[in-house]
Amino acid sequence: MIGKKIAIVTGAAKGIGKAITKRLLSDGFFVVAVDTDIEEGQKLENELGREFVEFQNVNICDEQHVKTLFTSIINNYKRIDALVNNAGIIRDNMIWKMSVEDFDAVINVNLKGTWLMCREAAIIMKLQNFGKIVNIASRAWLGNRGQSNYSASKAGVVALSRVLALELGKYNISVNAVAPGLIDTPLTQKLEKEVLQKLIEAQPTKTMGQPSDVANTVSFLVSDKTGFITGQTIYVDGGKSIGANM
Ligand code: NAI
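Only a predicted model underlies this, so the values are computations on that prediction, with no experimental measurement involved. (Residues numbered from 1 in each chain as written. Predicted model: local features only at pLDDT ≥ 70, side-chain atom pairs only at ≥ 80, totals over all residues. Heavy atoms only, no water.)

Let us look at the confidence of the model for the chain. Residues at a pLDDT of 70 or more form 98% of the chain, whose mean pLDDT is 97. Within the chain, the element-level pLDDT minimum falls on helix H6 (residues 186-189), averaging 90, and the maximum on strand S4 (residues 82-85), averaging 99. (pLDDT = per-residue confidence, 0-100. Helix = DSSP H or I, 4+ residues; strand = E, 2+ residues; numbered from the N terminus.)

Let us look at the packing of helix H4 (residues 100-128) against helix H5 (residues 148-168). The packing of two helices is summarised by the inter-axis angle and the distance between the axes. Interhelical geometry of H4 versus H5 gives an angle of 15 degrees and a closest axis separation of 9 Å. In terms of their interaxial angle, H4 and H5 are classed as roughly parallel. As H4 packs across H5, the resulting crossing turns out to be right-handed. Along its contact with H4, which presents Asp102, Phe103, Val106, Ile107, Asn110, Leu111, Thr114, Trp115, Cys118 and Ala122, the element H5 presents Asn149, Tyr150, Ser153, Lys154, Gly156, Val157, Leu160, Leu164 and Leu168. Looking at the contact of H4 with H5 residue by residue, the class counts come to 12 nonpolar, 5 polar and 2 charged. (Axes fitted to C-alpha atoms, helices over the stretch in contact; angles between N-to-C directions. Parallel < 35°, antiparallel > 145°, perpendicular 65-115°, else oblique. Left-handed = near helix turned anticlockwise from the far one by under 90°. Contact = heavy atoms within 4.5 Å. Nonpolar A, V, L, I, M, F, W, Y, C, P; charged D, E, K, R; others polar.)

For the rest of this paragraph, the subject is the nonpolar core. Where a protein is soluble and globular, its nonpolar side chains tend to be buried together. Of all hydrophobic cores here, the largest spans 31 residues; its most connected members are Ile8, Val32, Leu69, Phe70, Ile73, Met117 and Ile133. Where this core is concerned, the elements lending two or more residues are strand S1 (5-10), strand S2 (29-35), helix H3 (63-77), H4, H5 and strand S6 (173-180). Not counting the four nearest positions on each side in its chain, valine 32 is found in contact with Ala7, Ile8, Val9, Glu54, Gln56, Leu69, Ile73 and Tyr77. Counting residues in hydrophobic clusters, the runner-up holds 26 residues, among them Ile20, Leu24, Phe29 and Val222. (Core = buried A, V, L, I, M, F, W, Y, C linked by side-chain atoms within 4.5 Å. Buried < 20%, exposed > 50% of the residue type's maximum accessible area, 1.4 Å probe, protein only.)

The next point concerns H4. The periodicity of an α-helix, 3.6 residues per turn, causes residues three or four places apart in sequence to face the same way. Taking 1.5 Å of rise per residue, 29 residues should cover 42 Å, and H4 covers 40 Å from first to last C-alpha, within 8% of that figure. Along its length, H4 reaches its greatest deviation from straightness, about 40 degrees, at asparagine 108. Two residues or fewer after H4 comes asparagine 129, characterised by a positive phi angle close to 60 degrees. (Expected span 1.5 Å × (residues − 1). Bend = angle between axes of the 7 residues up to and from the residue.)

So this is what it looks like as structure tokens:
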């Protein structure tokens with residue numbers, strides 16, 4: 001751990017977050033892997049090694065949990081070089097069938113949780129006069145039927161990233177969003193086969209992306225090569241956001 005850069009990745013136990021964690025490890029980061037899935041989180045720590053990854057069971061929607069996490073990171077590692085806000089959930093339904101509970105749950109994790117993590121990171125990164133924040137949004141922020149809660153939460157993440165780029169730029173902190181399209185993870189593996197097939201057909205590439213496609217983009221954004229890139233939303237979606245012929 002000594003001499004390594006320190007990154008926090010949320011939702012690190014599975015899917016895209018796990019791929020980001022592995023990629024940042026190979027880039028030379030020590031990663032604090034945050035998730036509420038204790039079993040998978042501990043598995044990840046065992047698999048990758050405690051000298052490279054520390055699992056933290058933290059619910060990003062809980063202000064106290066988040067504050068305690070940042071205090072422990074600063075006590076143990078003294079600095080935070082990168083924050084990747086990846087944790088997110090879906091609760092899809094047409095608006096006329098969507099419950100307030102499903103609306104609140106999605107906004108809470110995807111938007112409030114991301115905001116809480118950004119706030120605590122900003123306090124520390126401002127003192128360091130350095131930091132890289134990457135927020136995982138979604139192509140769905142452009143609008144997806146059945147995802148009024150999710151699309152709104154991810155549009156919020158894009159707006160949040162743009163505002164923080166304005167507020168934190170003069171402190172040498174960059175804030176960008178990554179907007180993945182259809183990526184093969186436990187989240188999309190829950191979709192009905194027919195629905196998934198239609199979604200793949202609608203892709204210009206006729207394929208799903210892999211978690212490593214998103215991880216490679218995050219790796220670039222947290223690297224030293226991107227000092228002048230901030231407030232941007234980078235699509236990793238096989239061209240779906242172009243929208244032609246849809
Ligand atoms: P996933 O469901 O495979 O993994 C998400 C992880 O976040 C899980 O390990 C879960 O335990 C954790 N998590 C959920 N709520 C949490 C909380 N309150 N606090 C801490 N951890 C929490 O999801 P996947 O597919 O890897 O997605 C990762 C991110 O990418 C999400 O933000 C998702 O919205 C976004 N995304 C995914 C796409 C896809 O096609 N898979 C497409 C576009 C965006």
